[in-house]
Amino acid sequence: MPIPKAELHLHIEGTLEPELAFALAARNGVQLPYADTEELRKAYLFEDLQSFLDLYYGLMAVLRTEADFEKLADAYLARAAAQGVRHAEIFFDPQAHIARGVGMGTVVEGLGRALDRSAERHGISTRLIMCFLRDQSAESAMATLEAAKPYLHRITGVGLDSAEVGHPPAKFAAVYEAAGALGLRKVAHAGEEGPAAYVSEALDVLGVERIDHGLRCMEDPDLVERLVRERVPLTLCPLSNVRLRAVDILEEHPLPRMMAAGLLCTLNSDDPAYFGGYVGDTFHAVHEALGIDPEGLRELARNSFEAAFLDGSAADEAL
Ligand code: HPA
Ligand code: ZN
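Note that residues are indexed from 1 along each chain, following the sequence as it is written. Each chain is given a letter, starting from A, and each ligand a number, starting from 1, according to the order in which they appear as written. At least 70 in pLDDT is required for a residue's local features to be given in this predicted model, at least 80 for side-chain atom pairs to be given and counted, and no such filter applies to totals for whole chains, interfaces and linings, which use all residues.

As recorded in an unreviewed UniProt entry, the protein goes by Adenine deaminase and comes from Streptomyces aurantiacus JA 4570. UniProt positions are given in the numbering used here, feature names are shortened, and annotations may be inferred rather than shown by experiment. As stated in UniProt under Sequence similarities (unreviewed entry), the record for the protein gives "Belongs to the metallo-dependent hydrolases superfamily. Adenosine and AMP deaminases family. Adenine deaminase type 2 subfamily." Among the UniProt annotations of the protein, the heading Catalytic activity (unreviewed entry) holds the following wording: "adenine + H2O + H(+) = hypoxanthine + NH4(+)".

Laid out in structure tokens, this is it:
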């Protein structure tokens, strides 16, 4: 039996497996620039975050209808359930779809169809977190928040993703303030490729409750002390860090040092179709490569529920 866990850092578009990408391409008459799934998988040799993002945004062309988004989410939830996930907080990137002529309603209602059945079908409770693309303008982020207003009953929070360096959190101060006023929870990617200062800025200027990635906090001892003191959760994604070259090899990942420092670490898969494993695979990999023992793995799983946006309702208590 895999350890029960919550997954808090998961881009639904990053769960698009090559087989499903080709099936959706055929259904929607989209021509992919790869002969077959094997050739597509061979393209997964990333240099850095940007080289991954280029492929990730390109492959989204196959996602066109509500049924496509429903299928994508249902396939993820089935895989996650098999790896012990009981609660999933799922990111999506509306700007990447709206730019292709696929509206907010198609994305949210399509994902929502799968999420509505998730507890019953997969034993997983869910939340949706809408991410702003930080390499697009603050005005575009604000327009995206506006476009989400009819769907806020389905959206728990906002996040910030895409190319980090050169796009500091403060660029999005106004849209995070507006999101907070709408009752949305706040998270942001920070300290993945960007500096430790972006982690502090996300906390101070955006008021985020969790940091996605955050591993470069280790370059600033004062920041580590603050994150420990304030019990700020970090949603770490070690397999992603290796594939995107934030660390050279898994054996050198700072996770053991981060746990020893008292940081509230959680383990997540980020974009599992691209990075070689779902969250259960990630637990297994850190055990093998980093020697995290069973008690350490249980601590990471416990942390994931502490860090989740669960409200203690009867449905949540049943987890
Ligand atoms: N970092 C930033 N943006 C992303 C990622 C990531 O790991 N995955 C999908 N969008
Ligand atoms: Zn991410």
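Trainee: Whenever I open this one, the overall build of the protein confuses me. Can you help?
Mentor: By the criteria applied, helices consist of DSSP H or I runs no shorter than four residues and strands consist of E runs no shorter than two, each listed in order from the N terminus. Summing up its helical and strand segments, the protein has 17 helices and 8 strands in all. For the protein, whose C-alpha radius of gyration is 18 Å, the value lies close to the compact-globule estimate of 20 Å for 319 residues. Across its three principal axes, the protein shows a C-alpha extent of roughly 50 × 45 × 40 Å. Distance between backbone-placed C-beta atoms decides contact: two residues are in contact if it is within 7 Å. Taking as baseline every contact in the protein between residues at least 6 positions apart, the subset at least 24 positions apart corresponds to 76%. Throughout, radius of gyration means the C-alpha value; the globule benchmark is 2.2 Å times the number of residues raised to the power 0.38.

Trainee: Sorry, what's going on with the site of ligand 1 here?
Mentor: Whether a residue is near a molecule or strand depends on its C-beta atom, generated from backbone atoms, being within 6 Å of that molecule or strand. In the vicinity of ligand 1, the contacting residues are His11, Gly14, Leu49, Tyr56, Asp161, Ser162, His189, Glu192, Ser240, Asp270 and Asp271. Of the residues belonging to the shell around ligand 1, the class tally is 2 nonpolar, 5 polar and 4 charged. Polar here means any residue other than Ala, Val, Leu, Ile, Met, Phe, Trp, Tyr, Cys and Pro, which are nonpolar, and Asp, Glu, Lys and Arg, which are charged; Gly is therefore polar.

Trainee: Explain the packing of helix H8 (residues 138-148) against helix H9 (residues 173-181) to me, please; I cannot follow it from the model alone.
Mentor: A pair of packed helices can be characterised by two numbers: the angle between their axes and the separation between those axes. For the pair H8 and H9, interaxial distance at closest approach is 9 Å and the crossing angle is 15°. In terms of orientation, H8 and H9 fall into the roughly parallel class. Two packed elements cross with a definite hand, and for H8 against H9 that hand is right-handed. The segment H8 lies against H9, with Ala138, Ala141, Met142 and Leu145 engaging Ala174, Val175, Ala178 and Ala179. Inter-axis angles, ranging from 0 to 180 degrees, are taken between N-to-C directions of lines fitted to C-alpha atoms, where helices are fitted over the stretch in contact. We call two directions roughly parallel when the angle between them is under 35 degrees, roughly antiparallel when it is over 145, roughly perpendicular when it lies between 65 and 115, and oblique otherwise. In this scheme, a crossing is called left-handed if the near helix is turned counterclockwise away from the far one by less than a right angle; it is called right-handed if the turn is clockwise.

Trainee: What exactly am I supposed to notice about the pairing of strand E4 (residues 157-161) here?
Mentor: Across a regular strand the side chains alternate sides, sitting on one face of the sheet and then on the other. Counting other C-beta atoms within 10 Å of a residue's own tells you its class, since 20 or more makes it buried, 12 or fewer makes it exposed, and anything in between is partly exposed; those C-beta atoms are placed from the backbone. A large share of E4 lies buried, amounting to 5 of its 5 residues. Burial along E4 is two-sided: Gly157, Gly159 and Asp161 facing one way and Val158 and Leu160 facing the other are all buried. A pair of strands counts as paired when DSSP detects no fewer than two bridges linking them. Here strand E3 (residues 125-133) runs beside E4; their pairing, made up of 5 bridges, is parallel. Bridging from a neighbouring strand, Phe132 pairs with Leu160 of E4. Note on the crossover from E3 through H8 to E4: the handedness is right-handed. Here E4 pairs with strand E5 (residues 185-190) via 2 bridges, running parallel. Along E5, the bridge assignment pairs Val158 with Lys186. The handedness of a crossover follows from its direction of travel: if, with the strands pointing away from the viewer, the path from the first strand over the helix to the second runs clockwise, the crossover is right-handed. Tracing the backbone out of E4, into H9 and back to the parallel element E5 gives a crossover that is right-handed.

Trainee: Is there a simple way to think about the pairing of strand E7 (residues 233-236) in this case?
Mentor: Going residue by residue along E7, you find Pro233 and Thr235 tucked away on one face and Leu234 and Leu236 tucked away on the opposite face as well. A crossover links strand E6 (residues 210-213) with its parallel partner E7, the connecting element being helix H11 (residues 221-229), and its sense is right-handed. Two elements, E7 and strand E8 (residues 264-267), share 4 bridges in a ladder whose sense is parallel. The residue of E8 that forms the bridge with Leu234 is Cys265.

Trainee: I tried to follow the environment of Glu164 on my own but got confused; where do I start?
Mentor: Mapped onto the elements of the fold, Glu164 is located in the loop between E4 and H9. Looking at Glu164, the number of C-beta atoms within 10 Å reads 24, which means it is buried. Separated by 29 residues in sequence, Glu164 and Asp135 place their C-alpha atoms 7.4 Å apart. In this structure Glu164 touches Leu49, Arg134, His189, Glu192, Glu193, Gly194 and Tyr198, once residues within four positions along its chain are discounted.

Trainee: Explanation requested: helix H4 (residues 66-82) in the structure shown.
Mentor: The α-helix advances 3.6 residues per turn, and as a result positions three or four apart in sequence lie on the same side. For a helix, the expected span equals 1.5 Å multiplied by the number of residues minus one. The end-to-end C-alpha separation of H4 is 25 Å, in line with the 24 Å expected for 17 residues at 1.5 Å each. Among the residues of H4, Asp68, Phe69, Leu72, Ala73, Tyr76, Leu77, Arg79 and Ala80 are the ones counted as buried. For H4, the buried positions fall inside an angular range of 165° around the axis, keeping them on one side. Its buried side turned inward, H4 meets strand E1 (5-11), helix H1 (18-28), strand E2 (85-92), helix H6 (104-116), helix H7 (118-122) and helix H15 (279-290). Directly after H4, the chain includes Gly84, whose backbone phi takes a positive value near 90°. What the arc covers is the set of directions going from the helix axis to the C-beta atoms.

Trainee: How should I be thinking about the confidence of the model for the protein in this particular structure?
Mentor: Should pLDDT be low for a region, the predicted coordinates there are not to be read in detail. Confidence of the prediction at every residue is given by pLDDT, a number between 0 and 100. Scored by pLDDT, the protein has a mean of 97; 97% of the residues are at 70 or more. Within the protein, the element-level pLDDT minimum falls on helix H17 (residues 314-317), averaging 53, and the maximum on E7, averaging 99. We note a pTM of 0.97 for the whole complex and an ipTM of 0.96 for its interfaces.

Trainee: Please explain the packing of H4 against H6 as it appears in this structure.
Mentor: Where H4 meets H6, the closest approach of the two axes is 7 Å, and the angle between their N-to-C directions is 40°. Relative to H6, H4 is oriented oblique. Helix-helix and strand crossings are classified by hand; for H4 and H6 the assignment is right-handed. Across the interface between the two elements, Glu66, Ala67, Asp68, Phe69, Glu70, Ala73, Asp74 and Leu77 from H4 touch Thr106, Val107, Glu109, Gly110, Leu111, Arg113, Ala114 and Leu115 from H6.

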